[in-house]
Amino acid sequence: IRRRYVGSGMRDDLTLRNHNRYDVKVRVRVGVVGDFANLFAVKEGRTEEEQPFEQRVEGNRLHLRQTETPHRTTTICFGGEPTVEPTGAVWDLVVPAGGEWSTCFDVTLQLGDRLVPSRHRCGEPAVQSPAYHRIEAWRSTVPILDTDDVALDVAVRRALEDLGSLRLFDPEGS
């Protein structure tokens, strides 16, 4: 099971469940590929030269740093005790019979010298994040459609979720 939370970074919660009556030895691998492409160039379908970056492993963290100006750094912090390498992380483990294994990893951003605080951090329930409370408050203000047309109902609900996800916020509240 993977649950992903995005907002000024990203967090993934991973859970493996073993429904067998015996222990299962597994290797979990999360691959990481860097891409510092310009967002607007990607949206417009313009291809650019690949942005050079360096990879550095530090304990359970993998740092991807753009080597050309402006300097941008992405840091992935892996939970548990993985083997971290420049291309991702690997966990070798045994999931007990009828049990489960979970971990979390988060992705944070740094623009030059400025660290961008993540809205969803490992170890914090998602329902406690400010982003969760903002989207719930927004959902309580949107119109409710009462229709027998299931396709219309699904389309409107999806459109409202998309609109809610696209809202931008000034982190300083001004």
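Structure: see above.
Residues numbered from 1 in each chain as written. Predicted model: local features only at pLDDT ≥ 70, side-chain atom pairs only at ≥ 80, totals over all residues. Heavy atoms only, no water.

J.: Run through the side chain of His63, naming residues and quoting values.
T.: Note that His63 resides in strand β5 (residues 61-66). A distance of 3.1 Å separates the side chain of His63 from the side chain of Glu58, its partner in a polar contact. For His63, the side chain forms a polar contact with the side chain of Thr75, separated by 2.9 Å. In contact with His63, other than residues within four places in its own chain, are Glu54, Gln55, Arg56, Glu58, Thr74 and Thr75. (Helix = DSSP H or I, 4+ residues; strand = E, 2+ residues; numbered from the N terminus. Polar contact = N/O pair within 3.5 Å; in protein donor to acceptor, adjacent residues only side chain to side chain. Contact = heavy atoms within 4.5 Å.)

J.: Hey, could you go over the sheet that holds strand β3 (residues 24-31) for me, with residue numbers and the actual values?
T.: Read from one edge of the open sheet, three strands run β3-β8-β7, paired in antiparallel fashion. Each of the sheet's edge strands pairs with one partner strand only, and the pair in question is β3 and β7 (83-85). Neighbour to neighbour, the strand axes of the sheet diverge by 15° on average, direction disregarded. Where β7 and strand β8 (residues 88-95) come together, three bridges link them in antiparallel fashion. For Val84, the partnering residue across the bridge sits in β8 and is Ala89. (Pairing = 2+ DSSP bridges. Axes fitted to C-alpha atoms, helices over the stretch in contact; angles between N-to-C directions.)

J.: Before we move on, could you go through helix α3 (residues 150-166) and cite the residues and values that matter?
T.: In this model α3 runs 24 Å from its N-terminal to its C-terminal C-alpha over 17 residues, within 8% of the 24 Å that 1.5 Å per residue would give. Along α3, the residues that are buried comprise Asp153, Leu160 and Gly164. Angularly, the buried residues of α3 cover 35° about the axis, an arc narrow enough to put them on a single face. Of the exposed residues in α3, the ones pointing more than 90 degrees away from its buried face are Ala151, Val154, Arg158, Ser165 and Leu166. (Expected span 1.5 Å × (residues − 1). Buried < 20%, exposed > 50% of the residue type's maximum accessible area, 1.4 Å probe, protein only. Arc of directions from axis to C-beta.)

J.: Describe the state of the cysteines, with residues and values.
T.: Applying the stated criterion across every chain, the model contains one disulfide. Put simply, Cys104 and Cys122 are joined by a disulfide, and their sulfur atoms are 2.0 Å apart. On the sign convention where negative means left-handed, the S-S torsion of about -80° between Cys104 and Cys122 marks this disulfide as left-handed. Here Cys104 is found in strand β9 (residues 100-111), whereas its partner Cys122 is found in the loop between β10 (114-116) and α2 (130-139), with 18 residues between them in sequence. By relative accessible area, Cys104 is classed as buried at 13%. (Disulfide = S-S within 2.5 Å.)

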